[in-house]
Protein chains: 2
Amino acid sequence: MPRRERALARRTSRDIRSESRLDVLHALLAAGEASRSDLARVTGLSTATVATVMGDLLSGGIVSEVRTESGGIGRPATTLRLNGDRGRVVGVDVAETYVRATVFDAALAELGAAEVATDEHRGGTDYIIDAVVRALETALERVGAAREDVLGVGVSLPGGMQRSASVSVVVPNEIWHHLDRLRERIGLPVVVDNPLKAIATAELWFGEGRRHSSMITVNLGTGVGAGIVLEGKVLRGAQNTAGEWGHSLLALGGRRCRCGRQGCVEAYVGVAGIQRTLAEIDPGHPLAAEPMQREFIEALPAALEAPTPDRAVAETIERTARYLGASIADLVAIINPEMITLTGWTAWALGDHLVPAVRRWVREESPGDSAADLAIQVSSVRKGSVTAGADTMPVAVGIATIALERFLSDVGLLTTKVPTAL
Amino acid sequence: MPRRERALARRTSRDIRSESRLDVLHALLAAGEASRSDLARVTGLSTATVATVMGDLLSGGIVSEVRTESGGIGRPATTLRLNGDRGRVVGVDVAETYVRATVFDAALAELGAAEVATDEHRGGTDYIIDAVVRALETALERVGAAREDVLGVGVSLPGGMQRSASVSVVVPNEIWHHLDRLRERIGLPVVVDNPLKAIATAELWFGEGRRHSSMITVNLGTGVGAGIVLEGKVLRGAQNTAGEWGHSLLALGGRRCRCGRQGCVEAYVGVAGIQRTLAEIDPGHPLAAEPMQREFIEALPAALEAPTPDRAVAETIERTARYLGASIADLVAIINPEMITLTGWTAWALGDHLVPAVRRWVREESPGDSAADLAIQVSSVRKGSVTAGADTMPVAVGIATIALERFLSDVGLLTTKVPTAL
């Protein structure tokens, strides 16, 4: 009897301890401050388990005790909270037109950020690595954090999904082959992942991810993609490329996508795709020629809300809702999730106008009754921020969370879900 | 702090014991007969764990010991095997044109089957329930099994994915609302599920499912769909409709699908879709008018392998490979599995002709390098059989396995993965 290759990781009691710790950390993060009995009630763990978990987390400095005067007689009550002072984690969002580093404390509260604009006519691996290092150093300096306080740096790098080398992209595919150089230049513990895994992780720690056995967060911006969370875990796939729904087919032989293929979802519901829909409806419309994607998207709600709503824009939104509904219905057909959230700047700018029609189309286009109980809403993971970068928060906080998970794994408190090669 | 709704089932040490038992059962099924130390080696479990698991399975009568004379001196060796005599399980495959019941022993070896043809011009809930009962009783009689020997009956019912009531289907949606009547008429422990869950379960117990952390088996017949296995578990989804990839979009506004929508994958790569492709290429082709789907599919390899290959058929296969490749690429984009197997009668009849081109197209159409390491092959789960029903084996053995899983769960040996409502 030959030894079978075991691709499946065996689940051990160590994993169960790890999951209990993760449950407690999530509950503390949601509550801010809680007693042991609160935590037992919320997590469904026994008080004995919570006590054991707390012992581990306290001795690792991950949580701290807060003594509060109880109102009555007897000993003072003790509550617990995440220990923000344990150190700093940084989330670096490498996007098409900027690199932004955001510094968080160890309780994942944002402390500050720094952004470096990148020029899409330059690009290249070293150019991007320089920008990452500059953004990181500026951000650390801005919040007064020393390098030795940094528990980990998460870097979110776009996926490199193009099919043809001729497609111009600022962040080149080849950067994925030079992660060692990136690590060396940063000189701190680094974890690299793609933005879809970051937004899924953000949804898991801060949003709907742990309240549902299956949920998908759909990211709508220049690029589009899906963060998929199943049974409390981010779906990564064989090459960590799960969720590249933006490059699944909406229309065989349809619009050319920037990835090189025809008919991808992104070519219809990415920002450039929406602009193209407007241009098809009214080629002379001033917004059809708007050169800046962000300005284009942010002008649409105003056009809809004007005393005389712009009919070409209204028709654009209708068609976009149809495209988006049909594309989300494919996710429903294949994965049949309990919940879908929308995130990214298109969702934030257009959510109120888009979501009701998207809900209708998803129901219409999904197989049978599979979308009957499906909740669809704009994601709640979008913290306000003092920096200009408020709307990239899901990627920044998600990739910083992955860095924190990696740190907790390195100190033996979690069994990591992040592929260690990244 | 409010009590959070816990949609996520907590994993307990009971689940771990269940997983160890499942590992041992799978290893025994693959090996036929094995010693405890063989099983420890193959499963990666400790010998102590294997001994404990074996104690449970022996006392439940699920496995039995086989004493063999060792060649040398000392005590005789003891090996173990699944105890087929523990009872009988039945898999009932309710398809569009027949209902077939297959009886297995408790080691999942096939004993015999019986088929009842159904008339697609009749249909209806009671008509189907009658056919199920008749097929089941005939099959049990044929193999000489008493009703009290039956540990469980699995019934695979098509999903009911149509969007419009006007679409004629033999097996009506409403049957899902009358499962109590089905149970009552059968009068034995019954579990109901859909064929995609059955083929995924078959792949998990008999095929590639447990050798990969992610795999998808694509079913190609009258209907098409995907059985998805992640981390050793069948993906079910919120309404148990995960895998309805046949009703995801290939071409917005494209061919009308029998589900009522336009452009579904099934309208291109289901048998009727393939026939339609041939009719588009050569409207006067004799096979374009073949009224029986099975005869149509089985005539294609002969046309390709003729001394002068049929050019219209060759072109049909090329286009079908393109459609199928693009549609499978969507599964790669979204789930990024390690392996894809093809099953169903189209795959069995046309596999040799179709698979090389499908592989090429999947690589071409998948995002970036996400399909670079992807294995694509015809599923190995297609046991030979003495009955005419050899090629429905994956559904039959899969649904019988689900019934066996339910039995093992009822006697406390497994924590079930099957929704108990079904």
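Residues numbered from 1 in each chain as written. Chains lettered and ligands numbered in written order. Predicted model: local features only at pLDDT ≥ 70, side-chain atom pairs only at ≥ 80, totals over all residues.

What to know about the overall build of chain A
Right, so step 1: The helix and strand inventory of chain A stands at 12 helices and 12 strands.
Right, so step 2: Counting over 422 residues, chain A shows a buried share of 51%.
Right, so step 3: Nonlocal contacts in chain A, meaning residues at least 24 apart in sequence, comprise 63% of its contacts between residues at least 6 apart. (Helix = DSSP H or I, 4+ residues; strand = E, 2+ residues; numbered from the N terminus. Buried ≥ 20, exposed ≤ 12 C-beta atoms within 10 Å, placed from the backbone. Contact = placed C-beta atoms within 7 Å.)

Thoughts on the domain arrangement of chain A
Residues and elements named next belong to chain A.
Right, so step 1: If you check the domain split of chain A, you get domain 1 (13–82), domain 2 (86–194 + 396–410) and domain 3 (208–378).
Right, so step 2: Taken together, the contacts link 4 residues of domain 1 with 4 residues of domain 2.
Right, so step 3: Residues that form the side of domain 1 that touches domain 2 fall into these classes: 3 nonpolar, 1 polar and no charged. (Domains from an automatic or database assignment. Nonpolar A, V, L, I, M, F, W, Y, C, P; charged D, E, K, R; others polar.)

Observations regarding the pairing of strand β4 (residues 98–105) of chain B
Residues and elements named next belong to chain B.
Right, so step 1: The buried fraction of β4 is high, at 7 of 8 residues.
Right, so step 2: Sheet analysis places strand β3 (residues 88–94) next to β4, joined by 7 bridges and oriented antiparallel. Note that in β4 the partner of Asp93 across the bridge is Arg100.
Right, so step 3: As paired strands, β4 and strand β5 (residues 110–117) are joined by 7 bridges and run antiparallel to one another. (Pairing = 2+ DSSP bridges.)

Notes on the nonpolar core
Right, so step 1: In this structure, Val92 and Val132 of chain A together with Val92 and Val132 of chain B are the most contacted members of the largest nonpolar core, which totals 252 residues.
Right, so step 2: Not counting chain neighbours up to four residues away, the residues in contact with Val92 of chain B comprise Val99, Ala101, Val132, Ala135, Leu136, Val153, Gly154, Val155, Ser156 and Ile399 of chain B. (Core = buried A, V, L, I, M, F, W, Y, C linked by C-beta atoms within 7 Å.)

Remarks on the relation of the copies chain A and chain B
Right, so step 1: Rotating chain A by 180° and translating it 0.0 Å along the rotation axis places it on chain B, where the RMSD comes to 0.0 Å. When the rotation and shift are considered jointly, the pair of chain copies conforms to a two-fold rotation axis. Within chain A, Ala251 of chain A has its C-alpha nearest the rotation axis, a separation of 2.1 Å.
Right, so step 2: Here 100% of the interface residues in chain A have copies in chain B that are interface residues too; the copies meet face to matching face. (Least-squares fit on C-alpha atoms with pLDDT ≥ 70 in both.)

With respect to the sheet that holds strand β6 (residues 150–156) of chain B
All names here are of chain B.
Right, so step 1: The strand order across the open sheet formed by 5 strands is β5-β4-β3-β6-β7, and the pairing between neighbours is mixed. Unpaired on one side and paired on the other, β5 and β7 (190–193) mark the two borders of the sheet. Ignoring strand direction, the axes of neighbouring strands in this sheet form an average angle of 15°.
Right, so step 2: In this sheet, β7 lies alongside β6 in parallel orientation, the contact comprising 4 bridges. When the sheet's bridge partners are listed, Ser156 is paired in β7 with Asp193.
Right, so step 3: With respect to the sheet, helix α4 (residues 125–142) is in contact with β3, β4, β5 and β6, its orientation differing from that of β5 by roughly 145°. (Axes fitted to C-alpha atoms, helices over the stretch in contact; angles between N-to-C directions.)

Things to note about the sheet that holds strand β8 (residues 214–220) of chain A
All names here are of chain A.
Right, so step 1: Spatial ordering of the open sheet is given by β10-β9-β8-β11-β12, a layout of 5 strands whose pairing is mixed. Among the strands making up the open sheet, the edge pair consists of β10 (233–234) and β12 (375–378).
Right, so step 2: The pairing of strand β9 (residues 224–230) with β10 spans 2 bridges and is antiparallel. Along β10, the bridge assignment pairs Leu230 with Lys233.
Right, so step 3: Against the sheet, helix α11 (residues 345–365) makes contact with β8, β11 (339–343) and β12, and its axis sits at roughly 165° relative to β12, the strand it touches most.

As for helix α4 (residues 125–142) of chain A
Residue and element names in this part refer to chain A.
Right, so step 1: The terminal C-alpha atoms of α4, which comprises 18 residues, lie 26 Å apart, in line with the 26 Å expected from a rise of 1.5 Å per residue.
Right, so step 2: Taken residue by residue, α4 has Ile128, Ile129, Ala131, Val132, Ala135, Leu136, Ala139 and Leu140 as its buried positions. All buried residues of α4 fall inside an arc of 160° around its axis, so they share one side.
Right, so step 3: Along its buried surface, α4 packs onto β3 (88–94), β4 (98–105), β5 (110–117), β6 (150–156) and α5 (179–186).
Right, so step 4: With its phi angle positive at about 70°, Gly144 sits one or two positions after the end of α4. (Expected span 1.5 Å × (residues − 1). Arc of directions from axis to C-beta.)

Quick word on the environment of Cys257 of chain B
All names here are of chain B.
Right, so step 1: Looking at the element boundaries, Cys257 is found in the loop between β10 (233–234) and α7 (266–269).
Right, so step 2: A count of 26 C-beta atoms within 10 Å places Cys257 in the buried class.
Right, so step 3: Apart from the residues lying within four places of it in its own chain, the contact partners of Cys257 are His247, Gln262, Cys264, Glu266 and Ala267.

Some details on the packing of helix α10 (residues 311–335) of chain A against α11 of chain A
Residues and elements named next belong to chain A.
Right, so step 1: The geometry of α10 relative to α11 is characterised by a closest axis approach of 7 Å and an angle of 50° between their N-to-C directions. Classified by the interaxial angle, the pair formed by α10 and α11 is oblique. In terms of crossing hand, the pair formed by α10 and α11 is right-handed. Here Ile317, Glu318, Thr320, Ala321, Arg322, Leu324, Gly325, Ala326, Ile328, Ala329 and Val332 of α10 lie close against α11, whose contacting residues are Leu350, His353, Leu354, Ala357, Val358, Trp361, Val362, Glu364 and Glu365.
Right, so step 2: Class assignment of the residues belonging to the contact of α10 with α11 gives a composition of 13 nonpolar, 3 polar and 4 charged. (Parallel < 35°, antiparallel > 145°, perpendicular 65-115°, else oblique. Left-handed = near helix turned anticlockwise from the far one by under 90°.)

Observations concerning helix α9 (residues 293–305) of chain B
Right, so step 1: Along α9 of chain B, the positions that sit buried rather than exposed are Ile297, Leu300 and Ala303 of chain B.
Right, so step 2: Contacts made by the buried residues of α9 of chain B are with α8 (271–281), α10 (311–335) and α11 (345–365) of chain B.

Considering the interface of chain A and chain B
Right, so step 1: On the side of chain B, 62 residues touch chain A, which itself brings 61 residues to the contact.
Right, so step 2: If you list the elements that add at least two residues to the side of chain A that touches chain B, you get α1 (13–31), α2 (36–43) and α10 of chain A.
Right, so step 3: Sort the elements by how many residues they give to the side of chain A that touches chain B and α10 of chain A lands first, with 6 residues.
Right, so step 4: Here the residues of the side of chain A that touches chain B are counted per class, giving 24 nonpolar, 18 polar and 19 charged.

Observations concerning the environment of Arg210 of chain B
Residue and element names in this part refer to chain B.
Right, so step 1: Residue placement: Arg210 occurs in the loop between α6 (195–206) and β8 (214–220).
Right, so step 2: Residue classification places Arg210 among the buried positions, given that 22 C-beta atoms sit within 10 Å.
Right, so step 3: Each C-alpha atom of the pair Arg210 and His26 lies 8.7 Å from the other, and the pair is 184 residues apart in sequence.

A closer look at the environment of Ala329 of chain A
Residues and elements named next belong to chain A.
Right, so step 1: With respect to the helices and strands, Ala329 occurs in helix α10.
Right, so step 2: A count of 24 C-beta atoms within 10 Å places Ala329 in the buried class.
Right, so step 3: In this structure, the C-alpha to C-alpha distance between Ala329 and Gln262, residues 67 residues apart in sequence, is 20 Å.
Right, so step 4: Setting aside its immediate chain neighbours within four residues, Ala329 contacts Val362, Glu365 and Ser366.

Here's the deal with unusual backbone geometry
All names here are of chain A.
Right, so step 1: We note that Leu108 has phi near 65°; this positive angle belongs to a residue other than glycine.
Right, so step 2: Within the element layout of this structure, Leu108 appears in the loop between β4 and β5.
Right, so step 3: A tally of 20 C-beta atoms within 10 Å means that Leu108 is categorised as buried.

Notes on the pairing of β3 of chain A
Residues and elements named next belong to chain A.
Right, so step 1: Most of β3 sits inside the fold, with 7 of its 7 residues counted as buried.
Right, so step 2: Count of turn residues in the β3/β4 antiparallel hairpin: 3 residues.
Right, so step 3: Sheet topology note: the β3/β6 ladder contains 6 bridges and is parallel. Bridging from a neighbouring strand, Asp93 pairs with Ser156 of β6.

Remarks on the packing of helix α9 (residues 293–305) of chain A against α10 of chain A
Angle between the axes and distance between the axes are the two parameters that describe a pair of packed helices.
All names here are of chain A.
Right, so step 1: Contact geometry for α9 and α10: axes closest at 9 Å, N-to-C directions at 115°. Where α9 crosses over α10, the handedness of that crossing is left-handed. In this structure, α9 uses Leu300, Ala303 and Leu304 to contact α10, whose residues at the interface are Val313, Ala314 and Ile317.
Right, so step 2: Split by residue class, the contact of α9 with α10 holds 6 nonpolar, no polar and no charged.

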